[in-house]
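Breakdown of the fold
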Amino acid sequence: MISYLPRYIFNFIFFTLIQVLVLNNIQLSGYVNPYLYILFIITLPFETPGWLLLLLGFSSGMVVDVFSDTPGMHASATVFMSYLRPYVLRLFAPREEYQPGTIPTMGYYGISWFLRYSVILVLAHHTFLFFIEVFSLAHFFSTFLRIVSSSVFTILLILVAQLFSQGKKQGR
Amino acid sequence: MRNFIRFIVKYHFAILFFIIEAVSLLLVLNYNAYQRSSFLSSSSAVSGGIFKRFNAGAEYLMLREINEDLARENAYLRSRMPESFRASRDYFNLVNDSASMQEYIYRSARVINNSTNRRFNYITLNKGRLNGIEPEMGVISNKGAVGIVKNVSDNYSTVISVINTRLKISAKLKESGFFGSLEWDGTSYQHVYLLDIPRHANVNVGDLVVTSGYSSIFPAGILLGNVEDVALDKGASFYRIRVKLSVDFKNLAFVEVIGHTSSDEQINLEKETEDD
């Protein structure tokens, strides 16, 4: 468990910087805003205790909030996603349970498992975030379109990031 | 008591979730109060410093356009020099005439962070309280109005941008003088809407939209954009006018912050009148 520490500290800083310096400046047709920083929460170890999960979700969301002048918005969405994570993990548990010493990544459990798992969390996060941002149901359709298109983009980025970290592991 | 503790231990995950979620939602709802404290915004020392460093690199890639803009502005300023005007003999001026007092002071600043893809877009500038910038000052670029200063720290300041659904600017049609409020609908970063123009006003596509000067933030006549589309709903008494912004918010590097020397005087006078 302790041996994961440097890796996750690096992940936290790296994904946050990518998010606030690069991805926050991306805009395609006014609808697409990818949010890659949630990959940090998605790939935390299975054994992460619940309270730590929520606190990490809060702090990673808050850091992005500080940089984009939206106090609380990302934090609340990320906390919501962290809360759902244990239930989603239980829902998709393989028949022989999760092996000790593994983490929820594509490298250990394959692309189809990882897609099912991350799509649900990404959709939950984006839905919460965009509705908090608009704070009404008035623009329901356009918000819905933003959720779907941004989720697609985020999931693509997550897959690319996963492929990179997978390649690194095999190289060792 | 023991049952209570057992209950908390059993459901600690859900309870903690509700507490943290409530805290973050409170942050969202108390947004304006927290903005004022500027502790959690991008004008704070840490995030401002990181943006500044990153921006030094990004700016290099835009040098060409920035140079063109600066050259154009130089030419404009030179045309305003005293040498560019013919002295007239029948013009008298009292030394202490209050009309000749300087009313607006301009301070140049550099944009170090900027967003166009959210509903609430903000700009961070590299100057702050120590450079004389205060909240509620207007910000313009050489192409037109940019926004209003929201928060200042010692060395940085955040600007609420024209393309922010929280901002409304008092604007008027330059040709006819009718005034209304300018609002962004949160979709395209190049367009805003001018509302509250009565239906008897004469509006044409291409008309210039400028600031009205009724608030003490912007001087009158600063360009905002031009009319692109005029719509009148059936039975509505006001036009819905789409305005193409003159400022390209995707490409913003140098701005000027406008200080109004007698804004307190104007605000106090207006308040006094309202209280009567």
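Residues numbered from 1 in each chain as written. Chains lettered and ligands numbered in written order. Predicted model: local features only at pLDDT ≥ 70, side-chain atom pairs only at ≥ 80, totals over all residues. Heavy atoms only, no water.

1. Some words on the sheet that holds strand E11 (residues 238-245) of chain B
All names here are of chain B.
- The strand order around the closed barrel formed by six strands is E6-E7-E8-E11-E10-E9, and the pairing between neighbours is antiparallel. The sheet shows a mean angle of 40 degrees between the axes of neighbouring strands, direction not considered.
- Sheet analysis places strand E6 (residues 169-173) next to strand E7 (residues 179-183), joined by four bridges and oriented antiparallel. Paired with Ser 170 across the two strands is Ser 181, which belongs to E7. (Pairing = 2+ DSSP bridges. Helix = DSSP H or I, 4+ residues; strand = E, 2+ residues; numbered from the N terminus. Axes fitted to C-alpha atoms, helices over the stretch in contact; angles between N-to-C directions.)

2. Notes on the interface of chain A and chain B
- Taken together, the 37 residues of chain A in the interface contact 33 residues of chain B.
- Both faces considered, chain A and chain B share a buried interface measuring about 3300 Å² in area, 67% of it formed by carbon and sulfur atoms.
- Linking chain A with chain B are zero salt bridges.
- The interface formed by chain A and chain B includes two residue pairs in polar contact (both at pLDDT 80 or more).
- Of all the elements in the fold, those that place two or more residues in the side of chain A that touches chain B are helix H1 (5-22), helix H3 (50-68), helix H4 (73-91) and helix H6 (111-134) of chain A.
- Its residues assigned to classes, the side of chain A that touches chain B shows 23 nonpolar, 11 polar and three charged. (Contact = heavy atoms within 4.5 Å. Buried area = accessible area lost by both parts, 1.4 Å probe. Salt bridge = Lys/Arg side-chain N within 4 Å of Asp/Glu carboxyl O. Polar contact = N/O pair within 3.5 Å; in protein donor to acceptor, adjacent residues only side chain to side chain. Nonpolar A, V, L, I, M, F, W, Y, C, P; charged D, E, K, R; others polar.)

3. Comments concerning the pattern of salt bridges
All names here are of chain B.
- Tallied over the entire structure, the rule returns two salt bridges over all chains.
- The partner of Asp 154 in a salt bridge is Arg 129, with the nearest N and O atoms 2.8 Å apart. Here the residue Asp 154 occupies a position in the loop between strand E4 (144-152) and strand E5 (157-164), and Arg 129 occupies one in the loop between strand E2 (120-125) and strand E3 (138-141), the gap between them amounting to 25 residues.
- Arg 129 gets classed as partly exposed once you look at its relative accessible area, which sits at 46%.
- For the salt bridge of Arg 242 with Glu 228, the shortest nitrogen-to-oxygen distance reads 2.9 Å. (Buried < 20%, exposed > 50% of the residue type's maximum accessible area, 1.4 Å probe, protein only.)

4. Some points on the pairing of E5 of chain B
All names here are of chain B.
- Among the eight residues in E5, eight count as buried, and that is most of the element.
- Looking at chain direction, E2 and E5 are connected through five bridges and run antiparallel. For Leu 125, the partnering residue across the bridge sits in E5 and is Ser 157.
- Inspection of the sheet shows E4 paired to E5 by five bridges, in the antiparallel sense. From the neighbouring strand, Asn 151 faces E5, where its bridge partner is Thr 158.
- Here E4 folds back onto E5 in antiparallel fashion, the turn holding four residues.

5. Brief notes about empty space enclosed by the protein
- Here the structure, examined in full by the defined rule, presents four cavities of 30 Å³ or more.
- In this structure, the largest cavity occupies an estimated 60 Å³ of space.
- Lining the largest cavity we find 12 residues, and of these Asp 69 of chain A together with Asn 113, Ser 115, Arg 118 and Tyr 122 of chain B sit closest to its centre.
- Within the residue set of the lining of the largest cavity, elements represented by two or more residues are H3 of chain A together with strand E1 (104-114) and E2 of chain B.
- Ranked by residues supplied to the lining of the largest cavity, first place goes to E2 of chain B with four residues. (1 Å grid on protein atoms, 1.4 Å probe; cavity = no way out; pocket = protein on both sides within 12 Å on 5 of 7 lines; lining within 4 Å. Points joined across faces, edges and corners; volume = space filled by probe spheres on them.)

6. So, the environment of Glu 133 of chain A
- Within the secondary structure, Glu 133 of chain A is located in helix H6.
- C-alpha of Glu 133 of chain A to C-alpha of Thr 143 of chain A: the two residues are 10 residues apart in sequence and 9.5 Å apart in space.
- Aside from chain neighbours lying at most four places away, what touches Glu 133 of chain A is Met 73 and Arg 146 of chain A together with Arg 118, Arg 119 and Phe 120 of chain B.

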